[in-house]
Amino acid sequence: MITVKDLTAEEKLRLICGKDAWRTEDLGGKLPQLAVSDGPVGLRKVVRREDGKEYDKPSVAYPAIQCLANGWDRGSARAMGEALADDCLENDVDILLAPGVNIKRNPLNGRNFEYFSEDPFLAGSLAYEYIDGLQSRGVGACLKHFYANNLEFNRLDQSSDVDERTLREIYLKPFELACRAKPVSVMCSYNRINGVYASENKKGFRILREEFGFDGAIVSDWSAVHDRAKAAKAGLDLEMPFDQKNYDKLVADYKAGMLSDEELDACAQRMLDLICRCKKMRGDNKPEKSESDRLAVAQKVAEEGIVLLKNDGVLPLKKGVSVAVCGEFAALDDGGRIGGGGSARVQWIGKPYDLAALLREKLGGEVRYNRAFGERAIESFRSKGRDALENAAECDVNVVCVGTGDTVECEAGDRASMKLSSVQEEVILETAAQNPNTVVVVFAGSVIDVSAWEDSVAAIVYAGFCGERGGEAVAEVLTGEINPSGKLSETFPLCIEDTPSYRAYNDICVSRYEEGLDVGYRYYDTYGKPVAFPFGFGLSYTDFGYEDLKIRQTGDLSLEVAYKISNLGEISGKEVSQLYVRACAPYVYRPYKELKGFSKDEIGAGKSVSVKISLDSSAFSYYSTAFDCWTVEDGLYEICVGASSADIRLSAFVRIKEGKIASVKIN
Ligand code: BGC
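Residues numbered from 1 in each chain as written. Predicted model: local features only at pLDDT ≥ 70, side-chain atom pairs only at ≥ 80, totals over all residues. Heavy atoms only, no water.

Here we take up helix H12 (residues 355-363). Within the sequence span of H12, burial applies to Leu 355, Ala 356, Leu 358, Leu 359, Lys 362 and Leu 363. One side of H12 holds all its buried residues, which, seen down the axis, span an arc of 160°. Where H12 is buried, its residues contact strand E12 (323-326), strand E13 (367-370), strand E14 (397-403) and helix H15 (470-479). Capping the start of H12, Asp 354 holds a side-chain oxygen 3.2 Å from the backbone nitrogen of Ala 356, two or three residues further along. Trailing H12 by a residue or two, Gly 364 shows a phi angle of about 80°, which is positive. (Buried < 20%, exposed > 50% of the residue type's maximum accessible area, 1.4 Å probe, protein only. Helix = DSSP H or I, 4+ residues; strand = E, 2+ residues; numbered from the N terminus. Arc of directions from axis to C-beta. Contact = heavy atoms within 4.5 Å. Polar contact = N/O pair within 3.5 Å; in protein donor to acceptor, adjacent residues only side chain to side chain.)

The structure is reproduced here in structure tokens:
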């Protein structure tokens, strides 16, 4: 095994810079080479054609991380990681540049579709499974973007101005939880954190390695390095992609003594360890799942993640009903339109879907389709949209497919508005005026302001960016073949002005995180602000009852919380139950309540399941800036179990005295 002692200074300097855009340095064959590729929602392998031009090789397009997270399903996250590993193995990729766990601080962030949640526990827990699934099949993960990278506006330079406690509890937390899966690498972000570039942020890297136990290599985001020697001094192991200017300056700085041998060796050794670990991990693993099995995983993830937001009873559609379908999102011919843009954009491998055809097949009745409008063709509604109105008036049910797409939700820019385009809102309202049984299906990667049309329609299905098998999953949900079970992984506020980071979101140079810990539901809950749909919310075609809360002490500061959920309806379904902890009278500020556990369970009609969730001291602790560590305060805590952050069904009080649980009282 080669160590840094076997390398010359020049070789070490080369090794800590990439070979090119997608490969590590092999020192002329002395070392094995690692191939890396994006990204979180499908493999985006860049390949060169015979004519020398580069293109993204088509690959299975899984649902966006946002849709995966709406499933609240650990099994799906693991399955998606495993399937992605097969895509990588088939394409000789050693490290997948995924997943991203940045917190959704503001609904307008152009990359929200790539991220899990506004809640660090949900984001970190699902990322853990994704990474573990991926790496269990021999492919390395690259957890990104470290850290406090929560907007795209001026992303290469802006500074996220965040206080220590908020960093620890909100923005670093998902990295901490995901690091327990031992990702082989972490990617730093573009932005600055409190004035210092993430690529040079020694403190952040120290926390990552010493406190989160990260033992892999830290990789730069693509071209996020401004000063290679400074970055190496801080502990950044690999600059990607190769940059001649940065390399030349690095050599000069090294010669001038600005980077010590010890510092260089530390980075170079971690690179050697990375190469060795990845090659060993990969071994001679071969893909286990066929391409069609991987497409089935993509469909399963979508089935778990579709969220039913409103239903006056029109859904599920009954066999034989006539349906008018309109909207370009109902029939896609280009993968980009139902996913986000940028490095996470995946060129679909499969065929585009046609929702009208799928509904025709499943319902057996008349299904008409009119494209009617498009986000890129505003005028088409006025010219062709008349048919959509006639169809809506003449059919039993009207299904309008709206959304955003890769031009609206894209890396390197934020959305201008939380609303759908005005023509989409117009079509919803005009067709709904023709037919009270109007169902809106939203294909988007982030939160949509539904206020203009919510009250005018009978049902809303939030499909999210549900991947290339999403059409099938939506058809299954609309017809009741699948009982919807997704719940929102981010709050839908009434309007963008209501969001806690609204005022200080994209100030030119500095984004002040003045809302502190009050991100997402933490804010709406604490201040009693009404929202359109709360965090954790999602309807089902059946009803669930919660009862029989029991709490068993398992250690000084650990508990097992058990409860029963019953399916009160006539069809089977899945319920995502959520456990929040509330500090009742703390001496430091605490958001009203915080998610500390969740479970997704399948429950047959008329049947019950017992759910058990374990809590340890982290369920009660906060980051004390007085002690510089996580601390549990004595006092009263409420354990709240519910169907959403706004629908608590069971609760109990736990008293902590002298650092130990002293009593438990079920309410
Ligand atoms: C993105 C990363 C991505 C990299 C390589 C960057 O622009 O921020 O997420 O992995 O490009 O494509």
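With that settled, the discussion passes to the UniProt feature "domain: Fibronectin type III-like" (unreviewed entry) in the protein. Here the UniProt feature "domain: Fibronectin type III-like" (unreviewed entry) sits at residues 575-645. Helix makes up 0% of residues 575-645 and strand 61%, and the two end C-alpha atoms of the span are 14 Å apart. (UniProt positions renumbered as here; feature names shortened; annotations may be inferred.)

Here we take up the site of the ligand. Residues in close proximity to the ligand total 14 residues, the closest being Asp 38, Arg 111, His 145, Asp 221 and Glu 411. Between the ligand and Asp 38 there is a distance of 2.4 Å, counted from an oxygen atom to a side-chain nitrogen or oxygen. At 2.9 Å from an oxygen atom of the ligand is found a side-chain nitrogen or oxygen belonging to Lys 144. Contact with the protein chains removes 94% of the 310 Å² of surface that the ligand exposes when unbound. The class makeup of the residues in the shell around the ligand is 5 nonpolar, 2 polar and 7 charged. (Near = heavy atom within 4 Å. Areas by Shrake-Rupley, 256 points an atom, 1.4 Å probe, with all protein chains shown as cover. Nonpolar A, V, L, I, M, F, W, Y, C, P; charged D, E, K, R; others polar.)

Okay, helix H7 (residues 202-211) next. Residues Gly 204, Phe 205, Ile 207, Leu 208 and Arg 209 constitute the buried set of H7. One or two steps after H7, the chain reaches Gly 213, where phi turns positive at roughly 70°.

A cis amide bond links Ala 98 to the next residue, Pro 99, at an omega of 0°. Relative to the helices and strands, Pro 99 is located in the loop between strand E4 (95-96) and helix H4 (120-136). Here the bond from Leu 315 into Pro 316 is cis, since omega is -5°, no more than 30 degrees from zero. Looking at the secondary structure, you find Pro 316 in the loop between strand E11 (307-311) and E12. Even without being glycine, Ala 412 reaches a positive phi, approximately 75°. Secondary-structure assignment places Ala 412 in the loop between E14 and helix H14 (422-434). At Glu 658, a residue that is not glycine, the phi angle is positive and equals roughly 50°. Within the element layout of this structure, Glu 658 appears in the loop between strand E26 (647-657) and strand E27 (660-666). What makes Glu 658 exposed here is its relative accessible area of 70%.

What follows deals with the packing of aromatic side chains. For the coordinates displayed, the defined rule picks out 23 aromatic pairs. Arranged with centres 6.5 Å apart and planes meeting at 20°, the rings of Phe 146 and Phe 205 form a pair that is stacked. You can see Phe 146 sitting in strand E5 (residues 140-146) and its partner Phe 205 sitting in helix H7, a full 59 residues away along the chain. Residue classification places Phe 205 among the buried residues on the basis of a relative accessible area of 2%. Judged by centre distance (5.2 Å) and plane angle (70°), the rings of Tyr 523 and Tyr 524 are edge-to-face. For the residue pair Tyr 523 and Tyr 524, the accessibility class agrees, reading buried in each case. An aromatic cluster is built from Trp 72, Phe 121, Tyr 521, Phe 535, Tyr 580 and Phe 598, whose rings are joined through pairwise contacts. In this arrangement the basic side chain of Arg 105 is found over the ring face of Tyr 513, its NZ or CZ atom lying 3.8 Å from the centre. Its guanidinium or amino end placed over the ring of Tyr 580, Lys 593 lies 5.2 Å from that ring's centre, counting from NZ or CZ. (Phe/Tyr/Trp six-rings, centres within 6.5 Å; stacked < 30°, edge-to-face > 60°. Lys NZ or Arg CZ within 6 Å of the ring centre and 35° of its normal.)

Here we come to the sheet that holds strand E22 (residues 608-615). In space, the 3 strands of this open sheet follow the order E18-E19-E22, with antiparallel pairing throughout. Strands with a single pairing partner mark the edges of an open sheet, and in this sheet they are strand E18 (544-555) and E22. Strand-to-strand twist of the sheet, defined as the mean angle between neighbouring strand axes without regard to direction, takes the value 20°. Across 8 bridges, the pairing between strand E19 (residues 558-567) and E22 is antiparallel. In the sheet register, Leu 559 faces E22, and the bridge partner there is Leu 615. (Pairing = 2+ DSSP bridges. Axes fitted to C-alpha atoms, helices over the stretch in contact; angles between N-to-C directions.)

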